[in-house]
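What follows is each chain in one-letter form.
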Amino acid sequence: MPTISSPIILDGMGFSIDRDGACLLNNNNVDSSEYRLMHILASGDLALNNITLSGGCADGALFARIGGAILNAGNLSLNNSTISGNESTLDGGGIYNSGTISIIKNSTFSENSTEEGGGIYNNGLITTIQNSTFSGNSSIVGGGISNRATINAIQNSTFSGNYALSSGGGIYNDSSITVLSNSLFHKNTGGGTECSNFGTTFNGNNNLSDVASSGCPGVSTTLITSTVGLSLIHI
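What you see is a predicted model; the values in this text were computed from it and never measured.

S.K.: Please set out the environment of arginine 36 residue by residue, giving values where relevant.
M.R.: With respect to the secondary-structure elements, arginine 36 resides in the loop between β3 (16-18) and β4 (38-40). Between the C-alpha atoms of arginine 36 and serine 54, which are 18 residues apart in sequence, the distance is 9.6 Å. Polar side-chain contacts of arginine 36 include one of 2.4 Å to the backbone oxygen of phenylalanine 63. Within polar-contact distance, the side chain of arginine 36 engages the backbone oxygen of isoleucine 66 at 2.8 Å.

Here you go:
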């Protein structure tokens, strides 16, 4: 797939970009049928709207093995989109970010897999994740999200059925997540708690989990308006 080196707005109008074929993840970068779907260079600025990216396969040496669907070193926004069924050998089954993601909104990350950061591996800046779902992603560390840099806000989002063999079935934080709020955690499993924090900042409020020992900040096991906020309840 092409690299993005300039400002582009891509509206998928509900269509998909899919890679067909098996993803062997054998560290062999000669396999021409195995490739990630999008690479945003430092000079690139991509707005992705109303699109599904699936089947991405980042395999090989060095940077070839990170970011199954997207490798972002520039600027990215994601709205009303789905990142599903992508794989990478090392980090970021769905997205590997070393640049800036301004917003992830009304989007779904599902069934992505890698060693660290099943849905997203963040090594840059993510300003806001809002009204989004992380489900069925898997990794060794950080089933839904692995954060090694800065996430300013995760709001009104759902983490369900993600898996991390070692720690952080839902979220693994090794740096700074300023606020996690009004979000739902359900059956994120693996070797540790749903949220694992080894970073300097991980604050939260009005979050809901089905286990009191989820490890997520500001979490409750009781669904009432005062603990989860009206924005989490959709009738």
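After that view, the rundown keeps rolling.
S.K.: Any details on the side chain of serine 81? Residues and values, ideally.
M.R.: Tracing the chain through its elements places serine 81 in the loop between β9 (75-79) and β10 (82-84). Look at serine 81 and you get buried, because its relative accessible area is 2%. A polar side-chain atom of serine 81 sits 3.2 Å from the main-chain amide nitrogen of asparagine 50. Excluding residues that lie within four positions of it along the chain, serine 81 makes contacts with Leu48, Asn49, Asn50, Ile51, Asn106, Ser107 and Thr108.

S.K.: Please give an account of the nonpolar core that cites residues and values.
M.R.: Residues Leu48, Leu53, Ile70, Ile120, Ile154 and Ile171 are the most contacted members of the largest nonpolar core, which totals 32 residues. Those elements giving two or more residues to this core turn out to be β4, β5 (45-49), β9, β13 (100-105), β16 (125-130), β20 (150-155) and β24 (176-181). Setting aside residues up to four positions removed in sequence, leucine 53 forms contacts with Ile17, Leu37, Met38, Leu48, Ala69, Ile70, Thr82, Ile83, Ser84 and Asn86.

S.K.: Lay out the pairing of β24 with the relevant residues and their values.
M.R.: Pairing geometry for β20 and β24, over five bridges, is parallel. Bridge pairing in β24 places alanine 153 opposite valine 179. Across four bridges, the pairing between β24 and strand β28 (residues 201-205) is parallel. When the sheet's bridge partners are listed, serine 181 is paired in β28 with asparagine 205.

Calculation criteria
- Residues numbered from 1 in each chain as written.
- Predicted model: local features only at pLDDT ≥ 70, side-chain atom pairs only at ≥ 80, totals over all residues.
- Heavy atoms only, no water.
- Helix = DSSP H or I, 4+ residues; strand = E, 2+ residues; numbered from the N terminus.
- Polar contact = N/O pair within 3.5 Å; in protein donor to acceptor, adjacent residues only side chain to side chain.
- Buried < 20%, exposed > 50% of the residue type's maximum accessible area, 1.4 Å probe, protein only.
- Contact = heavy atoms within 4.5 Å.
- Core = buried A, V, L, I, M, F, W, Y, C linked by side-chain atoms within 4.5 Å.
- Pairing = 2+ DSSP bridges.

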